[in-house]
Amino acid sequence: TWDSSLFIAGEFETIQGKTIPSIARRKGNGWSALGTGLEGSYSYASWLAPTPEALWVSGDFSIAGGKPADGLAYWDGSSWTPVETGDGSGGAPLANIGDVVYVGPRYHVMRWDGSQWHRLGGPFSNWGAVKAVDGELFVVGRFTTIGDLPSPYFARWQDCETTVAACPSTTTTMPPGPGCGDAT
């Protein structure tokens, strides 16, 4: 939920006879579209990340609210804002901790600071998913390394450090990346 509403996302064009492309809001008894919604050749939303200020959406879409988008945008309650990652991560998994949004890992895990992206980990050798739990960011997937460190299928980002954990007991910590309390 976000903004006291329930949101659903997927590959659909209508709900209960109403044109509602790819993402819908239920508040009270009815469904409604978010502006003109999401569009594209195979338009669908796969990942939602609700922050206090906006609902972030990632998926396979090229237009959000009538504006060109590369699979990543946010809804502020009245309009869509497409967001570019610079590395083609639109459509990649999303997570958030409070108002901080994370995308990845398509190639890197990236953190949005409100105006630009910062790479936190990677490059990854293959896709996975990100999930925020109790203030920690977990990355799982079909990768075996993060940067030069071995990391079979799992990594944890906590307090500006990436912990690479080999199941079940080996742990290595990577140094903090940009956007973690510094200007680099």
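Being a predicted model, the structure only gives us computed values, none of them experimental.

**Focus: the overall build of the protein chain**
Turning to step 1, where the next piece is worked out: The number of helices and strands found in the protein chain is 0 helices and 23 strands.
Turning to step 2, where the next piece is worked out: The burial tally for the protein chain puts 45% of its 184 residues in the buried class.
Turning to step 3, where the next piece is worked out: When the accessible surface of the protein chain is summed, it comes to about 9100 Å², and 50% of that surface belongs to carbon and sulfur atoms.

**Concerning the environment of Val 57**
Turning to step 1, where the next piece is worked out: Assignment of secondary structure puts Val 57 in strand 8 (residues 55-60).
Turning to step 2, where the next piece is worked out: With relative accessibility at 0%, the residue Val 57 sits in the buried group.
Turning to step 3, where the next piece is worked out: Sequence separation between Val 57 and Trp 47 is 10 residues, and the spatial gap between their C-alpha atoms is 5.7 Å.
Turning to step 4, where the next piece is worked out: Dropping the residues within four chain positions of it, Val 57 is found in contact with Ile 23, Leu 38, Ala 45, Trp 47, Leu 48, Gly 71, Leu 72, Ala 73, Trp 80 and Leu 94.

**Section: the pairing of strand 15 (residues 109-112)**
Turning to step 1, where the next piece is worked out: Going residue by residue along strand 15, you find Val 109 and Arg 111 tucked away on one face and Met 110 and Trp 112 tucked away on the opposite face as well.
Turning to step 2, where the next piece is worked out: As defined by bridge partners, strand 14 (residues 100-103) adjoins strand 15 across 3 bridges and the pair is classed as antiparallel. If you follow Val 103 over to strand 15, its bridge partner there is Met 110.

**A closer look at the sheet that holds strand 9 (residues 63-64)**
Turning to step 1, where the next piece is worked out: The strand order across the open sheet built from 3 strands is 6-9-10, with neighbouring strands paired in antiparallel fashion. Either end of the sheet is taken by a strand with one partner, and the two such strands are strand 6 (38-39) and strand 10 (67-68).
Turning to step 2, where the next piece is worked out: Bridge analysis of strand 9 against strand 10 gives 2 bridges, and the strand direction is antiparallel. Along strand 10, the bridge assignment pairs Ile 63 with Pro 68.

**Things to note about the confidence of the model for the protein chain**
Turning to step 1, where the next piece is worked out: The share of residues in the protein chain with pLDDT of 70 or more is 73%, and the mean pLDDT across the chain is 76.
Turning to step 2, where the next piece is worked out: Here strand 23 (residues 170-174) stands out as the least confident element of the protein chain, with mean pLDDT 41; strand 12 (residues 80-82) is the most confident, with 93.
Turning to step 3, where the next piece is worked out: Here residues 161-184 scores under 50 on pLDDT; set against residues more than four positions off or in separate chains, the count is 45 contacts.

**Thoughts on the sheet that holds strand 4 (residues 23-27)**
Turning to step 1, where the next piece is worked out: Overall, antiparallel pairing links the 3 strands, which are arranged 1-4-5 in an open sheet. The sheet terminates laterally at strand 1 (6-9) and strand 5 (30-33), the two strands that pair on one side only. With direction set aside, neighbouring strand axes in the sheet form an average angle of 30°.
Turning to step 2, where the next piece is worked out: Judged from the 4 bridges that link them, strand 4 and strand 5 form a sheet pairing that is antiparallel. Of the residues in strand 5, the one forming a bridge with Lys 27 is Gly 30.

**Some remarks on unusual backbone geometry**
Turning to step 1, where the next piece is worked out: One non-glycine residue, Gln 16, lies in positive phi territory at about 50°.
Turning to step 2, where the next piece is worked out: Notably, Ser 22 is not glycine yet its phi reads approximately 75°, a positive angle.
Turning to step 3, where the next piece is worked out: Among the secondary structure elements, Ser 22 is positioned in the loop between strand 3 (18-19) and strand 4.

Rules and cut-offs
- Note on numbering: residues in each chain are counted from 1, in written sequence order.
- The model is predicted, so local features are restricted to residues of pLDDT at least 70 and side-chain atom pairs to those at 80 or more, both for listing and for counting; the totals for chains, interfaces and linings are taken over all residues.
- Excluded from the side-chain calculations are hydrogens and water; all other atoms, namely the structure's heavy atoms, are used.
- Working definition: helices are DSSP H or I runs of at least four residues, strands are E runs of at least two. Numbering for both runs from the N terminus.
- Using a 1.4 Å probe on the protein chains alone, a residue whose accessible area is under 20% of its type maximum counts as buried, one over 50% counts as exposed, and one in between counts as partly exposed.
- With residues, only the protein chains shown are counted as cover, and all accessible areas are computed by Shrake-Rupley using a 1.4 Å probe.
- The contact rule is simple, with two residues in contact once any of their heavy atoms fall within 4.5 Å.
- Pairing between two strands requires that DSSP report at least two bridges joining them.
- pLDDT expresses, on a scale from 0 to 100, how confident the predictor is about each individual residue.
- Only C-alpha atoms enter the line fits that serve as axes; for helices the fit covers just the stretch in contact. Angles between N-to-C directions range over 0 to 180 degrees.

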